[in-house]
Amino acid sequence: MSFLTKSPWLLHYDGSSCNGCDIEVLACLTPLYDIERFGIINTGNPKHADIFLLTGSVNFQNMDIIRNLYSQIPDPKVVVAVGICACSGGIFAECYNVLGGADKVIPVDVYVQGCAARPEAIIDGVVKALGILDRRYKDLKKIKVAS
Amino acid sequence: MKHFIIAVAYVILAPFIGGILFGIDRKITARMQRRVGPPLLQPFYDVLKLLMKDVQVVNRLQIPAILCHLVFTIITGFLFFEGSDILLTMFVLTLSAVFLIIGAYSSSSPFSFLGAERELVLMTAYEPMVLLTLIGIYKVVGSFSLYGIISTGIPLIIYLPGIFIGFVYIFTMKLRKSPFDISASHHAHQEIVRGLTSDFSGLTLAMIEMAHWYETVFLLGLIYVFFAFNPLAGVLIVIASYFLEILVDNTFARFKWDKILNEAWLVALILGGGNIVALYVITRG
Ligand code: SF4
């Protein structure tokens, strides 16, 4: 276990979601679920973040913003798509302005199902992402050593 | 030689003490909000994680400025515990704060810019009280050195109650705690994202955090000076004032900058200035 998995900081971005998933993400911070137990902090700053949490589908207006935010997060980083909208576009998938899920613009590591995704599921998804974060760090180190 | 050893011990031990203090802080804060809260060692995990992250710098000035911030903060505490002039110590502390602001100004991010501006407001708010504290201490014991003050055995708190309260008041600003957390907040979101620290990540953010640990331990040392005639009382007061900071942090909403400036100067004038005038009148009469 590296320190990455003990202090993951989240960046939460709301795409074109109905706000259902966002409320569930914020519910994770409440005393009932208290994700700070795991050292997780919901930071509003991509430069401090390790995990990029996306809710809602991607449309033509926010795709550049999502790419921009993703590129500002220092490596190693992981992306968690929360809710059906962020996974595949959900009920908005057919809309003329919607591209689809988050994986249309950035690589997504963990998909959390549900409409809206439950706080338990979100926490599960984040914990799963931690394993990937750890692996990514080791891979990055190998690349650095090799080069 | 003995003082030199204490100063070296400060440089080595302060980050551990500071980190644990911050861990306790987060734990107590969580308990006050009926949460479980992170593990006690969380601040260490955070900093170690930040060191593992990629180094992302926005310009050439960032790393040198923050390195200077950290180094001058360490020198501040070193000089203080080594028994140098407290006046000099405080100037070095101000210098270190200036380097942090320069680092924040160097980025083009409006959040970081605004944070730096607000930090400057905070500095103008607390500096008068810092100066009055030093003047008060000198007036009573006639010495600017830590060990000179302690060796006189004068109970400073009896002569300087107003100044002590004023100093604990600005301690909140130095810790960047609510209601004075306008430049950068430890908690969740605020309107200027992470303010001062918005454009720092990884290595630089870890250095800022460590400087904060050093600074906190040094400031607690300065609080101890008021009760140095009785070590036990001193330690208890230090713990009590830290707890008070946590309580205030959790019960107050953030002030606006103009209110902070007005109040801090009023506190400095009434408690600090009043205390010195009273001292002057009493000792003359
Ligand atoms: S998945 Fe459901 S709850 Fe979540 S944003 Fe989409 S429509 Fe709303």
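What counts and what doesn't
Residues numbered from 1 in each chain as written. Chains lettered and ligands numbered in written order. Predicted model: local features only at pLDDT ≥ 70, side-chain atom pairs only at ≥ 80, totals over all residues. Heavy atoms only, no water. 1 Å grid on protein atoms, 1.4 Å probe; cavity = no way out; pocket = protein on both sides within 12 Å on 5 of 7 lines; lining within 4 Å. Points joined across faces, edges and corners; volume = space filled by probe spheres on them. Helix = DSSP H or I, 4+ residues; strand = E, 2+ residues; numbered from the N terminus. Nonpolar A, V, L, I, M, F, W, Y, C, P; charged D, E, K, R; others polar. Near = heavy atom within 4 Å. Phe/Tyr/Trp six-rings, centres within 6.5 Å; stacked < 30°, edge-to-face > 60°. Buried < 20%, exposed > 50% of the residue type's maximum accessible area, 1.4 Å probe, protein only. Pairing = 2+ DSSP bridges. Contact = heavy atoms within 4.5 Å. Axes fitted to C-alpha atoms, helices over the stretch in contact; angles between N-to-C directions. Salt bridge = Lys/Arg side-chain N within 4 Å of Asp/Glu carboxyl O. Polar contact = N/O pair within 3.5 Å; in protein donor to acceptor, adjacent residues only side chain to side chain. Core = buried A, V, L, I, M, F, W, Y, C linked by side-chain atoms within 4.5 Å.

1. A closer look at the layout of surface pockets
Residues and elements named next belong to chain B. Taken as a whole, the second largest pocket encloses approximately 500 Å³ of empty space. Of all elements in the fold, only helix 1 (2-32), helix 3 (62-82), helix 6 (146-152), helix 9 (202-225) and helix 10 (231-251) reach the threshold of two or more residues within the lining of the second largest pocket. A total of seven residues in the lining of the second largest pocket trace back to one element, the largest contributor, which is helix 1. Tallied by class, the residues present in the lining of the second largest pocket amount to 18 nonpolar, one polar and no charged.

2. Overview of the site of the ligand
All names here are of chain A. Lining the immediate environment of the ligand, one finds Ser17, Cys18, Gly20, Cys21, Gly83, Ile84, Cys85, Gly114, Cys115 and Ala116. Every element with two or more residues in the shell around the ligand is listed here: helix 1 (20-27) and helix 3 (84-88). Of the residues assigned to the shell around the ligand, the class counts are six nonpolar, four polar and no charged.

3. Here's the deal with the packing of aromatic side chains
Residues and elements named next belong to chain B. What the rule picks out here adds up to 17 aromatic pairs over all chains. Consider the rings of Phe167 and Phe226, whose centres lie 6.4 Å apart with planes at 35°: the pair is tilted. Of this pair, Phe167 sits in helix 8 (residues 161-174) while Phe226 is found in the loop between helix 9 and helix 10, placing the two residues 59 residues apart along the sequence. Note on accessibility: Phe167 and Phe226 belong to one class, buried.

4. A few points about the sheet that holds strand 1 (residues 9-14) of chain A
Residues and elements named next belong to chain A. One open sheet accounts for five strands, arranged 2-1-3-5-7; its pairing is parallel. The sheet is open, and its two borders are formed by strand 2 (41-42) and strand 7 (110-112), each paired with just one other strand. Pairing of strand 3 (residues 51-55) with strand 5 (residues 78-82), which is carried by five bridges, proceeds in the parallel orientation. Bridged to Ile51 within strand 5 is Val78. Its contacts with the sheet put helix 1 on strand 1, strand 2, strand 3 and strand 5, and the angle it makes with strand 3 is roughly 140°.

5. What to know about the interface of chain B and chain A
A common measure of how large an interface is: the accessible area buried when the components associate. Contact residues are listed per partner, giving 29 residues for chain B and 29 residues for chain A. One salt bridge connects Lys49 of chain B with Asp50 of chain A, and the closest N-O pair in it is separated by 2.8 Å. The interface formed by chain B and chain A contains 19 residue pairs in polar contact (both at pLDDT 80 or more). Per element, the largest residue contribution to the side of chain B that touches chain A is seven residues, and it comes from helix 2 (residues 42-52) of chain B.

6. Regarding the side chain of Ser112 of chain B
Residue and element names in this part refer to chain B. Along the chain, Ser112 turns up in helix 5 (residues 110-141). Judged by its relative accessible area of 1%, Ser112 is buried. With near-sequence residues (within four places) excluded, Ser112 lies in contact with Ala104, Ser107, Gly195, Leu196, Ser198 and Asp199.

7. Quick word on the nonpolar core
Counting 80 residues, the largest nonpolar core has Leu156 and Met173 of chain B as its most contacted members. Examining the composition of this core, we find that 14 residues originate from one element, helix 9 of chain B, more than from any other. Of all hydrophobic cores here, the second largest spans 25 residues; its members include Val25, Cys28, Ile40 and Ile122 of chain A.

8. Considerations on empty space enclosed by the protein
Residue and element names in this part refer to chain B. Scanning the entire structure with this criterion turns up three cavities of 30 Å³ or more. The calculated volume of the largest cavity comes to roughly 80 Å³. As for the largest cavity, its lining consists of His69, Leu93, Ser96, Ala97, Leu100, Glu119, Tyr126, Met173, Lys174, Arg176 and Glu215. Estimated volume of the second largest cavity: approximately 50 Å³. Lining the second largest cavity, in full, are Met90, Leu93, Thr94, Tyr126, Glu127, Val130, Phe167, Ile170, Lys174 and Leu219. Put simply, the parts of the chain that give the lining of the second largest cavity at least two residues each are helix 4 (86-105), helix 5 and helix 8. Looking at the lining of the second largest cavity residue by residue, the classes come out as seven nonpolar, one polar and two charged.

9. A look at the environment of Pro231 of chain B
Within the secondary structure, Pro231 of chain B sits in helix 10. Placed 33 residues apart in sequence, Pro231 of chain B and Ser198 of chain B show a C-alpha to C-alpha distance of 40 Å.

Everything listed is a geometric property; what it means functionally is a separate question.
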